[in-house]
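Residue-level structure breakdown
Each chain, written out:
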Amino acid sequence: LRASHTRSNTMAEFKPSGVKDVPADAFIKAYAAHLKSNDKIHLPTWVDIVKTGAFKELPPKEDDWYFVRAAALCRRLYIRPGLGIGHFKHAFGGRIRTRGCAPEHHALAASGNIRHILKNLETVGLVEKSPNGGRRLTASGQRDMDLIAGRVTVDLTIY
């Protein structure tokens, strides 16, 4: 191999073109910051006191958890269109541990938060209801996500 075609040079020149080219945590952080700076999504008054599931003891500590959850929902809809609230309840659920000496079980996330976020995203125009059930991204929502994914820097040397 010539020096210009070594592995490190080709990895340094990688430019992501879509959401699937970017690690999930980096994209969700960048897209949440974009949603927060957009001022189109309005936070509800109860955002600082609500729990994200019945299995949780306290509300989230982060102030921008609403935008992070919205970005995660959008990313999942980008990868698999047509998902409904029931799928998101299971995906964002967790372990219920306060059962004494009984074994732990999976508990569902709060569906009201998810439904409110999806309705907010619908009013902005990023998400729409799918004719087959569930929700899907609009063309402008997908374009918006691809633009944000193109701005995220990807370090492929760790992979």
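Relevant structure appears above.
The model shown is predicted, which means the values in this text are computed figures rather than measured ones. (Residues numbered from 1 in each chain as written. Predicted model: local features only at pLDDT ≥ 70, side-chain atom pairs only at ≥ 80, totals over all residues. Heavy atoms only, no water.)

What follows deals with the overall build of the protein. The number of helices and strands found in the protein is six helices and four strands. Ordered by position from the N terminus, the helices and strands of the protein form the series α-α-α-α-β-β-α-β-β-α. For the protein, the spread of C-alpha atoms along the principal axes amounts to about 65 × 40 × 35 Å. Counting only residues that meet the buried cut, the protein has 35% of its 159 residues in that class. Pairs at least 24 residues apart make up 62% of the contacts formed inside the protein by residues separated by at least 6 positions. (Helix = DSSP H or I, 4+ residues; strand = E, 2+ residues; numbered from the N terminus. Buried < 20%, exposed > 50% of the residue type's maximum accessible area, 1.4 Å probe, protein only. Contact = heavy atoms within 4.5 Å.)

Quick look at helix α5 (residues 111–124) now. The first and last C-alpha atoms of α5 sit 20 Å apart over 14 residues, in line with the 20 Å expected at 1.5 Å per residue. Among all positions of α5, only N113, I114, I117, L118, N120 and L121 are buried. Along α5, the residues classed as buried sweep out an arc of 155° about the axis, all on the same side. Along its buried surface, α5 packs onto α3 (65–79), α4 (85–91), β3 (127–129) and β4 (135–137). Immediately downstream of α5, the backbone of G125 shows phi near 100°, a positive value. (Expected span 1.5 Å × (residues − 1). Arc of directions from axis to C-beta.)

Residue placement: H34 occurs in helix α2 (residues 24–38). Of the polar contacts made by the side chain of H34, one reaches the side chain of D144; its length is 3.2 Å. Excluding residues within four positions of it along the chain, H34 makes contact with D144 and I148. (Polar contact = N/O pair within 3.5 Å; in protein donor to acceptor, adjacent residues only side chain to side chain.)

Taken as a whole and judged by the stated rule, the model has four aromatic pairs. Relative to Y66, the ring of W65 lies with its centre 5.9 Å away and its plane at 80°, an arrangement referred to as edge-to-face. (Phe/Tyr/Trp six-rings, centres within 6.5 Å; stacked < 30°, edge-to-face > 60°.)

Below, the discussion takes up the nonpolar core. The biggest cluster of nonpolar side chains holds 36 residues, and the ones touching the most others in it are F27, Y31, L35, F88, L121 and M145. For this core, the elements supplying multiple residues, two or more each, are α2, α3, α4, α5 and α6 (139–151). The dominant element in this core, judged by the number of residues it contributes, is α3, at 10 residues. Excluding anything up to four places from it in sequence, L35 contacts I41, F67, A70, A71 and L126. (Core = buried A, V, L, I, M, F, W, Y, C linked by side-chain atoms within 4.5 Å.)

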